[in-house]
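Summary of structural features
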Amino acid sequence: QVQLVESGGGLVQAGGSLRLSCVASRSIVSFDYMAWYRQAPGKQRELVAQITDLGSTNYADSVKGRFTISRDYAKNTVFLQMNSLIPEDTAVYSCSIWRRGPMGTLRDKYWGQGTQVTVSS
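Quick look at the structure, then. Note that the structure is predicted; figures quoted are calculated from it, not measured.

**A word on the packing of aromatic side chains**
- Counted under the stated rule, the structure contains three aromatic pairs.
- Relative to Y110, the ring of F31 has its centre 5.9 Å away and its plane inclined at 75°; by these criteria the two rings are edge-to-face. Highlighted residues: F31 in the loop between β3 (18–24) and β4 (33–39) and Y110 in strand β10 (residues 106–111), separated in sequence by 79 residues. Across the pair, Y110 and F31 agree in class, each one buried.
- We note R19 situated over the ring of F79; from NZ or CZ to the ring centre the distance is 3.9 Å.
- If you follow K109 out to its NZ or CZ, it ends over the ring of W98, 3.9 Å from the centre.

Okay, here's the thing in structure tokens:
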């Protein structure tokens, strides 16, 4: 079992920045994927950013060029640097980690509780 705890959310004005952190209760070196998701009120959860064990990254079109995902294995932490925030970025942000399974499946997926990000206009 792995517990994930997010922090760094809050209220920020449009154009501002926030850095989210997701700390794992134990080493995440054995996990193949780490990601940040978000869910706004009345909307489905969406993948915001993903990083693989090889360092490849993937971003939602809506955040490309503004958000950066990174990880620090020594600190068991995944980060999301968010710049040039807009009101549409307002959501609960959650981190998740998982492993590859057989035949393209996934396994051992863990979630954090989430942290609220509110961007005022």
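**Details of the state of the cysteines**
- One pass over the structure, following the stated rule, counts one disulfide.
- Covalent S-S linkage joins C22 and C95, the inter-sulfur distance amounting to 1.9 Å. One disulfide, between C22 and C95, carries an S-S torsion of 55° and so falls in the right-handed class. Placement of C22 in strand β3 and of C95 in strand β9 (residues 91–100) is noted, with a sequence separation of 73 residues between them. For the pair formed by C22 and C95, the shared burial category is buried.

**Observations regarding the sheet that holds strand β8 (residues 77–82)**
- The sheet built from four strands is open, its strands ordered β1-β3-β8-β7 with antiparallel pairing. Each having just a single partner strand, β1 (4–7) and β7 (67–72) make up the two edges of the open sheet. The sheet shows a mean angle of 15° between the axes of neighbouring strands, direction not considered.

**A word on the side chain of R38**
- Mapping R38 onto the fold places it in strand β4.
- A distance of 2.6 Å separates the side chain of R38 from the side chain of E46, its partner in a polar contact.
- A polar contact of 2.9 Å, which involves the side chain of R38, links it to the side chain of Y93.
- The residues touching R38, leaving out its near neighbours within four places in the chain, are Q44, R45, E46, V48, S62, V63, F67, E88, D89, A91, V92 and Y93.

What counts, and where the lines are drawn
Per chain, residues are indexed from 1 in the order of the written sequence. Given that the model is predicted, a residue must reach a pLDDT of at least 70 before its local features are reported, and side-chain atom pairs must reach 80 or more before they are shown or counted; all residues, however, enter totals for whole chains, interfaces and linings. Working from all heavy atoms in the structure, the side-chain values ignore hydrogens and water. Note on ring pairs: Phe, Tyr and Trp rings are taken, using the six-membered ring of Trp, and paired if centres are within 6.5 Å. Classes follow the plane angle, with under 30 degrees stacked, over 60 edge-to-face and the rest tilted. Secondary structure is summarised from DSSP: a helix means a run of H or I of at least four residues, a strand means a run of E of at least two, and numbering begins at the N terminus for each. Burial classes follow relative accessibility: with a 1.4 Å probe on protein chains only, a residue under 20% of its type's maximum area counts as buried, one over 50% as exposed, and anything between as partly exposed. Either the NZ atom of lysine or the CZ atom of arginine qualifies as a charge over a ring when it sits within 6 Å of the ring centre and within 35 degrees of the ring normal. Disulfide assignment relies on a single distance test, namely cysteine sulfur atoms paired within 2.5 Å. In short, DSSP must find at least two bridges between two strands for them to pair. For helices, the fitted line uses only the C-alpha atoms of the stretch in contact; every axis is such a line through C-alpha atoms, and the angle between N-to-C directions lies from 0 to 180 degrees. Residues adjacent in sequence count toward polar contacts only when both atoms are side-chain atoms; beyond that, a polar contact is any pair of N or O atoms within 3.5 Å, and within protein one must be able to donate a hydrogen and the other to accept it. We call two residues in contact whenever any of their non-hydrogen atoms come within 4.5 Å of each other.

This is a description of form; function is not addressed.
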